[in-house]
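These are the residues of each chain, in order.
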Amino acid sequence: MNPTPRTERVRKSPEQVRTAVHQAVLDLMAAPDGAEPTIPAIAQRAGVNHTSIYRRWGSREALLADVVTTHLERTAPLSDTGSLRGDLTAWARAGVDGIRRPEGRVLVRAVALSMPSGADTWTERARHFGRRMRSIESIRERATARGEHPPSLEDILDQIVAPFHVRAAFGIEPPDTGYPELLVSRLLGTPDTPEAG
């Protein structure tokens, strides 16, 4: 029998609340029934009051984006390898490793659920994933500082990020070898050709 979820009897610190809520989101999304997590369900699982979640994140979409970004910052940091190609290839390799793990597929689903609907969708998405976008921009800034000519942020998202989400959505694993290098070569050209800019 599953234990009854704890209620918020002991006051948690803000970081304890954040950790508990993040884990509750991941646990619920990994459950066999695959149901979309609601704020009340997340609060019950985390042992916090649902008002604590609304006060901190404001919406389920913002919470899910924070869960995804925080997990990626821990498991797939954007490395400084000394070259644009090296940075993007290292990032793509982390993406391949991620979608091969169950938690990685959970995160892809969380990204989809974090996308708000409405006329201002792009602005909201950019706001929700602002930390990750700034990290990606840092790759471009380092490349520019080295005298390289990085592609636009949009091109990086289209050519490096989007393929992982499409494959995860359809349950198609990437090839065993060479896929990160293939994605980067499609974006930048092969190593012996000028990089796109």
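Located above this text is the structure these notes cover.
Residues numbered from 1 in each chain as written. Predicted model: local features only at pLDDT ≥ 70, side-chain atom pairs only at ≥ 80, totals over all residues. Heavy atoms only, no water.

### Brief notes about the overall build of the protein
Then step 1. Helix and strand content of the protein: ten helices and zero strands.
Then step 2. Put simply, the protein runs from its N terminus to its C terminus through helices and strands in the order α-α-α-α-α-α-α-α-α-α.
Then step 3. Taken over 197 residues, the protein has a buried fraction of 40%.
Then step 4. Across the protein, contacts joining residues at least 24 apart in sequence account for 70% of those joining residues at least 6 apart.
Then step 5. Accessible area for the protein stands at about 11,200 Å²; split by element, carbon and sulfur atoms hold 54% of it. (Helix = DSSP H or I, 4+ residues; strand = E, 2+ residues; numbered from the N terminus. Buried < 20%, exposed > 50% of the residue type's maximum accessible area, 1.4 Å probe, protein only. Contact = heavy atoms within 4.5 Å. Areas by Shrake-Rupley, 256 points an atom, 1.4 Å probe, with all protein chains shown as cover.)

### Notes on the packing of aromatic side chains
Then step 1. Considering all chains together, one arrives at one aromatic pair under this definition.
Then step 2. With 6.1 Å between their ring centres and 75° between their planes, F164 and Y179 make a pair best called edge-to-face. Of this pair, F164 sits in helix α9 (residues 153-169) while Y179 sits in helix α10 (residues 179-188), placing them 15 residues apart in sequence. Take F164 and Y179: they sit in the same class, and that class is buried.
Then step 3. Over the ring of Y179 we find R167, and its NZ or CZ is 4.6 Å from the ring centre. (Phe/Tyr/Trp six-rings, centres within 6.5 Å; stacked < 30°, edge-to-face > 60°. Lys NZ or Arg CZ within 6 Å of the ring centre and 35° of its normal.)

### A short note on the nonpolar core
Then step 1. Grouped together as the largest cluster of nonpolar side chains are 25 residues, with contacts concentrated most on V21, V25, M29, I42, V48, I53 and L63.
Then step 2. Those elements that provide at least two residues to this core are α1 (14-29), α2 (39-46), α3 (50-57), α4 (60-75) and α6 (102-113).
Then step 3. Those residues in contact with M29, other than ones at most four positions away along the chain, are P37, L64, V106, R109, A110 and L113.
Then step 4. Membership of the second largest hydrophobic core comes to 22 residues, among which are L88, I99, V184 and L187. (Core = buried A, V, L, I, M, F, W, Y, C linked by side-chain atoms within 4.5 Å.)

### Focus on the packing of helix α8 (residues 130-145) against α9
Then step 1. One way to put it is that α8 packs onto α9 with a least axis distance of 10 Å and a crossing angle of 105°. With respect to α9, the axis of α8 lies roughly perpendicular. Residues M133, I136, E137 and R140 of α8 form the contact with α9, whose own contacting residues are L153, I156 and L157.
Then step 2. Residue composition of the contact of α8 with α9, by class: five nonpolar, no polar and two charged. (Axes fitted to C-alpha atoms, helices over the stretch in contact; angles between N-to-C directions. Parallel < 35°, antiparallel > 145°, perpendicular 65-115°, else oblique. Nonpolar A, V, L, I, M, F, W, Y, C, P; charged D, E, K, R; others polar.)

### Observations regarding α4
Then step 1. Given a rise of 1.5 Å per residue, 16 residues ought to cover 22 Å, and the 22 Å separating the end C-alpha atoms of α4 matches this to within 8%.
Then step 2. What α4 keeps buried is the set R60, A62, L63, L64, A65, D66, V67, V68, T69, T70 and H71. (Expected span 1.5 Å × (residues − 1).)

### Thoughts on a nonpolar patch on the surface
Then step 1. A surface patch of nonpolar side chains, about 330 Å² in accessible area, is lined by V166, F170 and I172.
Then step 2. Structurally, F170 is set in the loop between α9 and α10. (Patch = residues over 30% accessible without salt bridge, like charges linked within 9 Å, V, L, I, M, F, W, Y side chains within 5 Å. Salt bridge = Lys/Arg side-chain N within 4 Å of Asp/Glu carboxyl O.)

### Re the environment of I53
Then step 1. Mapped onto the elements, I53 comes out in helix α3.
Then step 2. Assessed through its relative accessible area of 1%, I53 is described here as buried.
Then step 3. On a C-alpha basis, the gap between I53 and P40 in space is 9.3 Å, while along the polypeptide they are 13 residues apart.
Then step 4. The contact partners of I53, leaving out residues within four places of it in the chain, are V21, I39, I42, A43, V48, G58 and L63.

### What to know about the pattern of salt bridges
Then step 1. A complete count under the given rule lists twelve salt bridges for this structure.
Then step 2. A salt bridge links D80 to R146; the nearest nitrogen and oxygen atoms lie 3.7 Å apart. Taken as a pair, D80 in the loop between α4 and α5 (84-99) and R146 in the loop between α8 and α9 lie far apart in primary sequence, 66 residues in all.
Then step 3. Between R100 and E173 there is a salt bridge whose closest N-O contact spans 3.8 Å. Taken together, the residues R100 in the loop between α5 and α6 and E173 in the loop between α9 and α10 connect sequence positions 73 residues apart.
Then step 4. It is possible to trace a salt-bridge network through shared partners that takes in D80, D87, R142, R146 and E148.

### Brief notes about the packing of α1 against α2
Then step 1. Between α1 and α2, the shortest axis-to-axis distance is 8 Å and the interhelical angle comes to 115°. By the criterion of interaxial angle, the relationship of α1 to α2 is roughly perpendicular. Regarding α1 and α2, the two cross each other, and that crossing is right-handed. Residues A20, V21, A24, V25, D27 and L28 of α1 touch α2, and the partners they reach there are A41, I42, R45 and A46.
Then step 2. Classifying every residue of the contact of α1 with α2 by side-chain character gives eight nonpolar, no polar and two charged. (Left-handed = near helix turned anticlockwise from the far one by under 90°.)

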